[in-house]
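The primary structure of each chain is shown beneath.
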Amino acid sequence: MRDHATEFPTRTQDETHTVGCTVNGREYEAVVDPRMTLADFLREKLRLTGTHLGCEHGVCGACTVIVDGAATRSCLMLAVQADGAQVETVEGLAEDGELSPLQCAFKRNHALQCGFCTPGFLMSVTAALREESVTTEEQAREVLSGNICRCTGYTGLVKSVLEASAGKEGNA
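The present account deals with the structure reproduced in this document. Just so we're clear, the structure is a prediction, and the values are computed from it rather than from any experiment.

Once that is clear, we can look at unusual backbone geometry. Phi angles above zero are rare outside glycine, and N24 is one such case at about 55°. Along the chain, N24 falls in the loop between strand 1 (17-23) and strand 2 (26-32). Relative accessible area serves as the criterion here: at 29%, N24 is assigned to the partly exposed category. Phi is positive for D68, close to 50°, though the residue is something other than glycine. Residue position: D68 is located in the loop between strand 3 (64-67) and strand 4 (70-73).

Next comes the structure, spelled out in structure tokens:
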């Protein structure tokens, strides 16, 4: 008979890692449990609670942040994987208290209702618009397709993406 208790190491309290990363332009370092998600790291260790947790399975997109330039589900990424990374959260979009053009577009077009999913949408769209312009409703819906809003329609969201993209090019 095999003794599984001796084959697999048991987890001890002192299994922690130090994570250092730059979040919204500010350097942070914290000791974390190796299984802590990036979302929990941001919310619990750094007190950046704008990143929301919805499904915690990477489906709803509420936890989307930008890691080294790519939109990332922070509920699916471990904090230790972000060691040395550049992370952007919704708190970093506004500069000097002024909403970003995308945030202004969301406000103007009523692209939110309860607001729970809004940070994830903003970060997904921000990453997408950095890659390329969005000029059609079909492209805007594709950009938005990775995030789910349960309480409002997508019309305002689509208008916001198109407006922000046009403004990015100086056409708005």
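Let's shift gears to the sheet that holds strand 2. Judged by pairing direction, the sheet is mixed, and its five strands sit side by side in the order 2-1-5-3-4 without closing on themselves. Looking at which strands have only one partner, the edges of the open sheet turn out to be strand 2 and strand 4. Averaged over all adjacent pairs, the angle separating strand axes in this sheet is 40°, with direction ignored. Summarising the sheet, strand 1 and strand 5 (residues 86-88) pair through two bridges and their orientation is parallel. Residue pairing in the sheet places V23 in a bridge with V87 of strand 5. Where helix 2 (residues 38-45) meets the sheet, it contacts strand 1, strand 2, strand 3 and strand 5, and its direction lies at approximately 105° from that of strand 2. Here helix 4 (residues 118-131) sits on the sheet in contact with strand 3, strand 4 and strand 5, set at roughly 35° to strand 3.

This part is about the pairing of strand 1. Pairing of strand 1 with strand 2 involves seven bridges; the strand directions are antiparallel. Looking at the pairing, T18 lines up with V31 of strand 2. With antiparallel pairing between neighbouring strands as the criterion, strand 1 and strand 2 make up a hairpin whose turn holds two residues, including N24 at a positive phi of roughly 55°.

A few words on the nonpolar core. With 24 residues, the main nonpolar core has F106, F121, V125 and L144 as its most contacted residues. Residue assignment for this core shows that the elements contributing at least two residues are helix 3 (101-108), helix 4, helix 5 (137-144) and helix 6 (155-168). The leading source of residues in this core is helix 4, at seven residues. Excluding anything up to four places from it in sequence, F121 contacts F106, L144, N147, I148, C149, Y154 and L157. Core analysis: the next-biggest nonpolar cluster, separate from the first, contains 19 residues, Y28, L42, L46 and M77 among them.

Here the structure, examined in full by the defined rule, presents two salt bridges. When the shortest N-O distance is used, the salt bridge between R130 and E88 registers 2.8 Å. Taken together, the residues R130 in helix 4 and E88 in strand 5 connect sequence positions 42 residues apart. Taking the relative accessible area as the measure of exposure, R130 reaches 48% and is therefore partly exposed. Overall, E88 belongs to the partly exposed group, its relative accessible area being 24%. Linking R108 and E163 is a salt bridge whose minimum nitrogen-to-oxygen distance equals 2.3 Å. With R108 in helix 3 and E163 in helix 6, this pair connects stretches of sequence that are 55 residues apart.

What counts and how
Residues numbered from 1 in each chain as written. Predicted model: local features only at pLDDT ≥ 70, side-chain atom pairs only at ≥ 80, totals over all residues. Heavy atoms only, no water. Helix = DSSP H or I, 4+ residues; strand = E, 2+ residues; numbered from the N terminus. Buried < 20%, exposed > 50% of the residue type's maximum accessible area, 1.4 Å probe, protein only. Pairing = 2+ DSSP bridges. Axes fitted to C-alpha atoms, helices over the stretch in contact; angles between N-to-C directions. Contact = heavy atoms within 4.5 Å. Core = buried A, V, L, I, M, F, W, Y, C linked by side-chain atoms within 4.5 Å. Salt bridge = Lys/Arg side-chain N within 4 Å of Asp/Glu carboxyl O.

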